[in-house]
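Structural overview for review
Here's the letter readout for the chains.
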Amino acid sequence: MVKLKFLPYKIRTFLIRNGLSTLFDNGFPAYRKYYLKQMGIWKTSFEKQQQLDWLLTEWAQYITSKYRGRGPNNHTYLSEAEPFLEQFAKRSTQNKRLVGYTGSVTATESLKEEVIESSALSVQESLTVAKQEKIDMKGKGMVIFFPAIPGCGKSAVCKELLNDPGELVANGRSIHSLMGDLVKGKYWPLLAKERQKRPKETITLADKNAPNVEVWDTVRDICNDTSAIGVPVVPDSPGTELNPFALDALALFMYRVIQRQNHPGNLDKESPNAGYVLLMFYNLYSRKNRKEFEGALRQQFGFLVKLPILKPERPPLPSAIQDVLSEGLDLFGSHSRKHGKLDSSKGSLSQKWSIWEKNLRQVLNRNAVYFNDIQTPFKEAFESVRQQLIAILKGEVPINSAGEEVRSFNNITYAALTLPVNEVTQTLQHLAATNIDIENYFCDRMVILNSAHVTLAHKHAHGVAAVAKFGDLRGVEVPVMLTAFLFSAKLCALEARIMENEKGIYSRNPWPHVTVWTAKGTRPKESNFLPQMLQSGHAWRVDFAPVVLSGVVELL
């Protein structure tokens, strides 16, 4: 294998090699604390810290699943690190840039060609996947909703649209709003009932944050049932490589929230955990960059309206604000691993949260002049949103609908490597026969495996185009290594590693696995969180001698 200097010396040496003893002696939480501290000493930018955090988390999962005890020593670690980094880099040009490719001139030129080809492919995909069509709004209504974060200004926009809708209410259309903070009970079923009571041409303002795919699916269903189009309004932000919202946007939203008084949802200056709540919303969007976020919304609804929030020409985020946000995101990560969705006022980190919330307010308020200078004036932002909505209503904005290539994937949800059920079952039976904990686990549960697969890409998480890429690979066989069994009270799964293959097939999921069983009312996709549940003590892991099976690429 050709050895490549993938990472700068200090990262490869200090973060990977020197962290091995901490990882194997004290566990992943201590290792993560170690490498984040090192990045802080080096004054690594927050965005780069997020990217390296993801890389090093995968490295820790890889090396600890392969070794028991102390792992590789300081002299042999490269024999493990370099193959891992090589495979990590092959996944995307973004990963290549992240790990600092410094190969030979020939290899570097090859990388440049890959980047160019990747860009060309993206353009070609956008041409084949997205087909622009005019839409006739006669007899159709509109549901305007907000995949956003508290403090973005959605309620102010909704209120102003009610007061001054302009041409939105031309031709006898009516407009109404339903504010989530004033609704008792489940919001979206009530919104559906409200639309059914009104004329089909009604414009509905869904004044509630809509942060995930499940909510987007609900909005789409409401639109289909009430002859409406869904129009997402998103705060405009360049985002990061791991989140569609940049830190300056998050900081502005937090500043706005702590200036509020008497907010109907009790998220204002008097709220003791306002910062935690916004971090929670921010993390709901994690693992999607801006392009993926907007692409998923356009794919599902055909339209996208952008709400201006920050002036294009603005000074960078002050270091004090960046530091307090970084501290909060780290604290949120620790809290989530230990306590899941438990409120920040409870649990072992409650005192740290209290100190951080106080510090957050002090830092943000000291920078009031900065925030007032960088945000787009509300009148300008509102007018921009209203004009975009009017253009859609008039049919002046073509809808992005699936082209012929992707239409054939309408009934396909995900791409996967299907595994032979009998061989997976035999593996589970052998585990139960040789491990008393697994035997006891299965004794209390009715586990009947009808199918087995490792998800490669899911249209809701990664987009239709990501799934469509596997269309030409259907039937290709790929070796899959099963390495561990993870289980909790409500679900269990086999950890899977897709082995190196000629087609470069890999899973877009952070933790490739085979879901084996879920309790009633538990969705299979929740098995994605087993590694986090393991860290927080809510799941258990049994490593075993690797079993290699043959997986076949299928679209399901």
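Below: a short report on this structure. These figures come from a predicted structure and were not determined experimentally.

With that settled, consider the packing of helix α11 (residues 247-257) against helix α12 (residues 274-284). At a minimum axis distance of 10 Å, the contact between α11 and α12 shows a crossing angle of 145 degrees. Taken as a pair, α11 and α12 cross one another with a handedness that is right-handed. Each of Leu 247, Leu 250, Phe 253, Met 254 and Val 257 in α11 lies in contact with α12, whose residues at this interface are Ala 274, Gly 275, Leu 278, Leu 279 and Tyr 282. Residue composition of the contact of α11 with α12, by class: nine nonpolar, one polar and no charged.

As summarised here, the arrangement of the five strands in space is β3-β4-β2-β5-β6, forming an open sheet in which the pairing is parallel. Either end of the sheet is taken by a strand with one partner, and the two such strands are β3 (175-179) and β6 (305-307). Within this sheet the neighbouring strands show an average axis-to-axis angle of 20 degrees, counted without direction. Examined bridge by bridge, strand β5 (residues 228-235) and β6 share three bridges and lie parallel to one another. Considered in β6, the bridge of Val 233 is made with Val 305. The strands that helix α10 (residues 213-225) touches are β2 (141-146) and β5; relative to β2, the one it contacts most, it runs at about 170 degrees.

Turning next to unusual backbone geometry. Even without being a glycine, Ser 227 presents a positive backbone phi close to 55 degrees. By the element assignment, Ser 227 lies in the loop between α10 and β5. One non-glycine residue, Asn 266, adopts positive backbone phi at about 60 degrees.

Within the open sheet, the six strands sit side by side as β9-β8-β13-β10-β11-β12. Their pairing is antiparallel. Each end of this open sheet is capped by a strand with a single partner; those strands are β9 (453-458) and β12 (513-518). Adjacent strand axes in the sheet meet at a mean angle of 35 degrees when their direction is disregarded. Two strands pair when backbone bridges link them, and strand β10 (residues 477-487) and strand β11 (residues 491-498) are joined in this way by seven bridges, in the antiparallel orientation. Following the sheet pairing, Phe 485 is matched in β11 by Leu 494. Each of β10, β11, β12 and β13 (540-555) touches helix α19 (residues 421-434); the most contacted strand, β13, lies at about 175 degrees to it.

Before going further, it helps to spend a moment on the packing of aromatic side chains. Under the counting rule described, the total for this entry stands at 21 aromatic pairs. Aromatic side chains Tyr 187 and Trp 188 sit 4.8 Å apart centroid to centroid with 85 degrees between the ring planes, which places their arrangement in the edge-to-face category. Its relative accessible area of 10% is what places Trp 188 among the buried residues. Taking 5.1 Å as the distance between ring centres and 80 degrees as the angle between the ring planes, the aromatic pair formed by Phe 245 and Tyr 285 counts as edge-to-face. Residue Phe 245 is located in the loop between β5 and α11, and its partner Tyr 285 is located in the loop between α12 and α13 (290-301); the two are separated by 40 residues in the primary sequence. Just as Phe 245 is buried, Tyr 285 falls in that class too.

Glancing now at a positive patch on the surface. A cluster of basic residues, Lys 33, Lys 37, Lys 338 and Lys 352, forms a positive patch on the protein surface. Examined against the element boundaries, Lys 352 turns out to sit in helix α15 (residues 350-366). The class of Lys 352 is exposed, set by a relative accessible area of 53%.

Attention shifts here to the state of the cysteines. Under the counting rule described, the total for this entry stands at zero disulfides. The structure places no disulfide on Cys 152, whose sulfur is separated from the nearest cysteine sulfur, that of Cys 158, by 9.1 Å. Overall, the relative accessible area of 3% leaves Cys 152 in the buried class. Classification of Cys 158 as buried rests on a relative accessible area of 1%.

Tallied over the full model, the rule gives 17 salt bridges. A salt bridge links Arg 290 to Glu 294, with the nearest nitrogen and oxygen atoms 2.9 Å apart. Of this pair, Arg 290 and Glu 294 both sit in helix α13, four residues apart, roughly one helical turn. Classification of Glu 294 by relative accessible area gives buried; the value is 11%.

Inspection of the secondary structure puts Ser 527 in the loop between β12 and α23 (530-535). Owing to a relative accessible area of 0%, Ser 527 belongs among the buried residues under this scheme. Within polar-contact distance, the side chain of Ser 527 engages the backbone oxygen of Pro 524 at 2.7 Å. Once you skip the residues sitting within four places of it in the chain, Ser 527 turns out to touch Leu 491, Ala 493, Trp 511, His 513 and Thr 515.

All right, on to helix α9 (residues 187-197) then. Those residues of α9 that fall on the buried side of the exposure criterion are Tyr 187, Trp 188, Leu 191, Ala 192, Glu 194 and Arg 195. Taken end-on, α9 shows its buried residues confined to a sector of 160 degrees, consistent with a single buried face. Turned more than 90 degrees away from the buried face of α9, the exposed residues are Lys 193, Gln 196 and Lys 197. Elements in contact with the buried residues of α9: β2, β3, β4 (203-209), α10 and β5.

Conventions used here
- Residues numbered from 1 in each chain as written.
- Predicted model: local features only at pLDDT ≥ 70, side-chain atom pairs only at ≥ 80, totals over all residues.
- Heavy atoms only, no water.
- Axes fitted to C-alpha atoms, helices over the stretch in contact; angles between N-to-C directions.
- Helix = DSSP H or I, 4+ residues; strand = E, 2+ residues; numbered from the N terminus.
- Left-handed = near helix turned anticlockwise from the far one by under 90°.
- Contact = heavy atoms within 4.5 Å.
- Nonpolar A, V, L, I, M, F, W, Y, C, P; charged D, E, K, R; others polar.
- Pairing = 2+ DSSP bridges.
- Phe/Tyr/Trp six-rings, centres within 6.5 Å; stacked < 30°, edge-to-face > 60°.
- Buried < 20%, exposed > 50% of the residue type's maximum accessible area, 1.4 Å probe, protein only.
- Patch = residues over 30% accessible without salt bridge, like charges linked within 9 Å, V, L, I, M, F, W, Y side chains within 5 Å.
- Areas by Shrake-Rupley, 256 points an atom, 1.4 Å probe, with all protein chains shown as cover.
- Salt bridge = Lys/Arg side-chain N within 4 Å of Asp/Glu carboxyl O.
- Lys, Arg positive; Asp, Glu negative; His and termini not counted.
- Charge placed at Lys NZ, Arg CZ, Asp CG, Glu CD.
- Disulfide = S-S within 2.5 Å.
- Polar contact = N/O pair within 3.5 Å; in protein donor to acceptor, adjacent residues only side chain to side chain.
- Arc of directions from axis to C-beta.

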